[in-house]
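Structure assessment
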Amino acid sequence: MKKSQILGLCFLLNSQIFYAQKTTIIPEPVKVIEKKGSFILPRIIEISASESNSFTTNYLVQKLTQATGYKAFVNRKGKVSHIKLALTNTPLSDLGKEGYTLNVINSGVTIKANTKAGLFYGVQSLIQLLPHQIESNSLVKNVNWSIPAVEITDYPRFGWRGLMLDVSRHFFSVADVKTYIDNMASYKYNLLHMGLTNDEGWRVEIKAYPNLTIKGAFNAERVGYFNTFDPPAADEPRTYGGFYTQDDIRELVAYAKERHIDIMPEIDTPGHSLAAVVAYPELSFTKGVENYQVRSGEELFDWSGPHVKGYLDNTLNPANPKVYTFLDQVFTELAMLFPFEYVHIGGDECPKNYWEKEASIAELMKKEGLKNMDEVQSYFTKKVVNIVSSKGKKTIGWDEILEGGLADGAAVMSWRGEKGGIEAARQGHEVVMTPSQYCYIDYMQGDSATEAKVYSTLRLNKAYSYEPVPQGVNPILIKGVQANLWSEQIYNMRYAQYMTWPRSLATAEVVWSPKENKNWSRFTTKVEEHFKRFDAGEINYSTAMYDPIIKVTKDANGLPITDLTTELADLNIHYSWDNSPPDAFYPIYKSPISVPKGASQLKLITYRGKEKKGRLITISVDNLKKRAR
Ligand code: ACM
């Protein structure tokens, strides 16, 4: 090769076309142009901002100083400005209500946006351009605090970017919820859906109905596998749980709002209402409810038939006028606490076996011309939607609210697949997609040999593969996507984080990034960088994406054959049958393997070259036999 050709090649390799991507922003922005050079953060950082004392500028100052030990000042007269945060005078139409531009050149950074939310998201991207140690809560030395030169234009694909935290099955303190909100903000989520009530607890103070939290917020403490616990003894203390006072709620709403996150309350009705029924037995007509207790994880439902049956009547009775007076008051107080435009009224998994035997329901059906139990629930939902709208709010409910006729104006959260969402959109209703097979982050994310057992699995690649607009559906009606963290098995915030990340990095990209910008291989490279950020920020996460996917079939003699794959293409699976822990020098899995004579266990681990990536997995041959299909 001639010298001029070599120089030309060097030039090309240095130009943006041949750069390996330097930026690892999640969710992937709309447009990123990577440039040569970088901005080295000075020890004294001057920031100019449209508003000097805004939450976002203070947030940026804190982020830029806590790990670096540098100083940052906002709007110091006569000083150069290294980082500019500018609200546009004339809105840039591309950017909409949440978009931003972010330009980094050798001498500094400029973020522009039409709105404060846009500036906040620009700041999140800027922080993600800094080395991962920026997430540390304490001083980190010997880091090159530089920001790669880049030109970014970015705005979200969907306006509803939610995570649901179920605070009923297990209660999470105000401090825990704030941590969760902080983590969400880093990835441009804008909605926290709080499941405030369920059979296991009523978690929000309602002044007109104090027993909801005096009696309804506490149960007997259990650990382990929910649904299988012994019922509490009559004299067992019921001190496990808690609730948010109205001041707590106001504090959380304000905390989230500063981070451009709304909080949507869910009051689950008419099913999943055991805590309310225990607190106020007059909400039911069923005999014996006065002896009910808030659920502590004992069996409550029979799922064997086509319709769920309750072993207790955990419902609000649609024929009982007191129920509507109660809900009117509850939604009056909630509407004052939560500024978000929607209230979630639940609607899921309502057992109707007690309604079928209940005289008051039979009378209601006759009077209202209701033909079946679905229509009874629909009658109830329509009345609740009217109550909610009388408080100036819109209603959203789980897709069961379609059954028996969808109430005018109600939006649907599609969780039993996409069917409900498609049907609601066909009827012209708004939809939030949260199909369990892509969005339920209470499911296991790896093999049951490493994960706390749950009845289903959602791996990272599946969460990432989700496309929220089904074919033939008017995209305008798809408001967005939510990942849901049900907390039956989630006993603390560290584990809530483990279940949330990295799957909610995938959902963040599903709901923010343009469809054509999604790229699994680039995404997982970025996820690895974000693992370092989580480590620096002391946020828990799962590394299950490194672990093998294990399928077991049977040979002609009915003996197990183990078939292994990985989510990441560049991993090798090493294995042993001799009880010793495999390392990078053990056999590499190439094709399905049979159990050798005498073996009692299979051990697996993944490596990238010589670097250990996955966790050591041990599965007994007996277990393989059980799995074989
Ligand atoms: C649900 O998962 N029951 C909405």
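Residues numbered from 1 in each chain as written. Predicted model: local features only at pLDDT ≥ 70, side-chain atom pairs only at ≥ 80, totals over all residues. Heavy atoms only, no water.

1. Quick word on the packing of aromatic side chains
Note the following rule: Pairing of aromatic rings covers Phe, Tyr and Trp, the last counted by its six-membered ring, and requires centre-to-centre distances within 6.5 Å; plane angles under 30 degrees mean stacked, over 60 mean edge-to-face, and any other angle means tilted. Comment: elements are numbered from the N terminus, with helices defined as DSSP H or I runs of at least four residues and strands as E runs of at least two. The criterion for a charge sitting over a ring is simple: Lys NZ or Arg CZ within 6 Å of the ring centre, and within 35 degrees of the ring normal.
Within the structure shown, the criterion is met by 31 aromatic pairs. Centre to centre, the rings of Trp-415 and Tyr-440 are 6.0 Å apart; their planes meet at 10 degrees, and the pair counts as stacked. Of this pair, Trp-415 sits in the loop between strand E19 (411–414) and helix H12 (419–426) while Tyr-440 sits in the loop between helix H13 (436–439) and helix H14 (460–464), and the two are 25 residues apart along the sequence. An aromatic cluster of at least three residues, connected via ring pairs, comprises Tyr-187, Trp-501, Phe-531, Phe-534, Tyr-541 and Tyr-546. Against the face of Phe-73 rests Arg-76, its NZ or CZ located 3.8 Å from the ring centre. Here the basic side chain of Lys-188 rests over the ring of Trp-512, its NZ or CZ set 5.6 Å away from the ring centre.

2. Points about the pattern of salt bridges
Basically, it comes down to this: In the sections that follow, a salt bridge refers to a side-chain nitrogen of Lys or Arg positioned within 4 Å of a carboxyl oxygen of Asp or Glu. Accessibility here uses a 1.4 Å probe with only protein chains present; expressed as a share of the type maximum, an area under 20% marks a residue as buried, one over 50% as exposed, and anything in between as partly exposed.
Tallying each qualifying case throughout the model produces 39 salt bridges. The salt bridge involving Arg-76 is made with Glu-46; its shortest N-O contact spans 2.6 Å. In this pair, Arg-76 is assigned in the loop between strand E3 (71–74) and strand E4 (83–87) and Glu-46 in strand E2 (residues 44–49), connecting sequence segments 30 residues apart. Judged by relative accessible area, Arg-76 falls into the partly exposed class, the value being 33%. Residue Arg-157 pairs with Glu-467 through a salt bridge whose shortest N-O separation is 3.0 Å. Remark: Glu-467 occurs in the loop between H14 and strand E21 (478–485) and Arg-157 occurs in the loop between strand E7 (146–154) and strand E8 (160–166); sequence separation between them is 310 residues. Residue classification places Arg-157 among the partly exposed residues on the basis of a relative accessible area of 29%.

3. Brief notes about the packing of helix H10 (residues 359–368) against helix H11 (residues 373–390)
Defined as follows: Geometry is summarised by axes, namely lines fitted to C-alpha atoms with helices restricted to the contacting stretch, and by angles between N-to-C directions that run from 0 to 180 degrees. By the definition adopted for this analysis, an angle is roughly parallel if under 35 degrees, roughly antiparallel if over 145, roughly perpendicular if from 65 to 115, and oblique otherwise. Residue contacts follow a heavy-atom distance rule, with two residues in contact if any of their heavy atoms lie within 4.5 Å. Under the convention adopted here, Pro, Cys and the residues Ala, Val, Leu, Ile, Met, Phe, Trp and Tyr are nonpolar, Asp, Glu, Lys and Arg are charged, and Gly plus all remaining residues are polar.
Contact geometry of H10 with H11 gives a least axis separation of 11 Å together with a crossing angle of 80 degrees. With respect to each other, H10 and H11 are oriented roughly perpendicular. Here Ile-361, Leu-364, Met-365 and Glu-368 of H10 come into contact with H11, specifically with Met-373, Val-376 and Tyr-379. Of the residues contributing to the contact of H10 with H11, the split by class is six nonpolar, no polar and one charged.

4. A closer look at the side chain of Arg-295
Here is the rule: Side-chain atoms alone can form a polar contact between residues adjacent in sequence; in general such a contact is a pair of N or O atoms within 3.5 Å, and within protein one must be able to donate a hydrogen while the other accepts it.
Along the polypeptide, Arg-295 turns up in the loop between helix H7 (274–279) and strand E15 (301–302). Assessed through its relative accessible area of 4%, Arg-295 is described here as buried. Among the polar contacts made by the side chain of Arg-295, one reaches the side chain of Asn-227 at a distance of 2.7 Å. Engagement of the side chain of Arg-295 in a polar contact is seen with the backbone oxygen of Glu-298, the distance being 2.8 Å. If we skip the residues at most four places from it in the chain, Arg-295 touches Asp-199, Glu-200, Asn-219, Phe-226, Asn-227, Leu-274, Leu-300 and Phe-301.

5. With respect to the packing of helix H4 (residues 174–186) against helix H6 (residues 246–258)
Defined as follows: In this scheme the handedness of a crossing depends on how the near helix is turned from the far one: anticlockwise by less than a right angle means left-handed, clockwise means right-handed.
Across the interface, H4 lies against H6 with an axial gap of 10 Å and an inter-helix angle of 15 degrees. Viewed along their axes, H4 and H6 adopt a mutual orientation that is roughly parallel. The handedness of the crossing between H4 and H6 is right-handed. Along its contact with H4, which presents Val-174, Val-177, Lys-178, Ile-181 and Asp-182, the element H6 presents Asp-248, Glu-251, Leu-252, Tyr-255 and Ala-256.

6. Description of the confidence of the model for the chain
When pLDDT is low, close inspection of the predicted coordinates is not appropriate. Counted only if it meets this: Each residue carries a pLDDT score, the predictor's own confidence in it, on a scale running from 0 to 100.
Residue-level pLDDT values for the chain average 96, and 97% of them are 70 or greater. Mean pLDDT values over the elements of the chain span from 47, in helix H1 (residues 3–14), up to 99, in strand E9 (residues 191–195). For residues 6–19, every residue scores under 50 in pLDDT, and the model assigns this stretch 13 contacts once sequence neighbours within four places are set aside.

7. Some points on the sheet that holds strand E25 (residues 593–594)
Quick note on the threshold: Each pair of strands is called paired provided DSSP finds at least two bridges between the two strands.
In space, the three strands of this open sheet follow the order E22-E23-E25, with antiparallel pairing throughout. Bordering the open sheet on either side are strand E22 (549–554) and E25, each of which pairs with just one other strand. Bridge count for E22 against strand E23 (residues 560–565) is six bridges, and the pairing is antiparallel. Bridged to Thr-553 within E23 is Ile-561.

8. A short note on the sheet that holds strand E20 (residues 431–433)
Two pairing modes exist for strands in a sheet, parallel and antiparallel, and in both the strands are linked by backbone hydrogen bonds. Taken together, eight strands build a closed barrel; the order of strands is E8-E9-E14-E17-E18-E19-E20-E21 and the barrel is parallel. Direction aside, neighbouring strands of the sheet carry axes that sit 30 degrees apart on average. Pairing between E19 and E20: three bridges, direction parallel. Residue Val-412 lies in a different strand from E20, and its bridge partner there is Val-431. Each of strand E14 (262–269), strand E17 (342–346) and strand E18 (394–398) touches H11; the most contacted strand, E17, lies at about 155 degrees to it.

9. What to know about the nonpolar core
Convention followed: Definition used in this section: a nonpolar core is a set of buried Ala, Val, Leu, Ile, Met, Phe, Trp, Tyr and Cys residues joined via side-chain atoms within 4.5 Å.
The biggest cluster of nonpolar side chains holds 151 residues, and the ones touching the most others in it are Tyr-180, Leu-192, Trp-202, Tyr-244 and Phe-331. Counting 22 residues, the second largest nonpolar core, distinct from the first, contains Val-385, Ala-424, Val-469 and Leu-477.

10. Describing the environment of Met-194
Topologically, Met-194 is positioned in strand E9. Using a relative accessible area of 0% as the deciding quantity, one classes Met-194 as buried. Separated by 69 residues in the primary sequence, Met-194 and Ile-263 have C-alpha atoms spaced 6.9 Å apart. In contact with Met-194, not counting residues within four places along its chain, are Leu-165, Val-167, Val-177, Tyr-244, Leu-252, Ile-263, Met-264, Pro-265 and Glu-266.

11. Here we look at the side chain of His-429
Take His-429: it is sitting in the loop between H12 and E20. Here His-429 falls in the buried class, since its relative accessible area comes to 10%. Polar contacts involving the side chain of His-429 include one to the main-chain carbonyl oxygen of Ala-410, which spans 2.6 Å. Ignoring anything within four residues of it in the chain, the contact list for His-429 reads Leu-406, Ala-407, Asp-408, Gly-409, Ala-410, Ala-424 and Leu-477.

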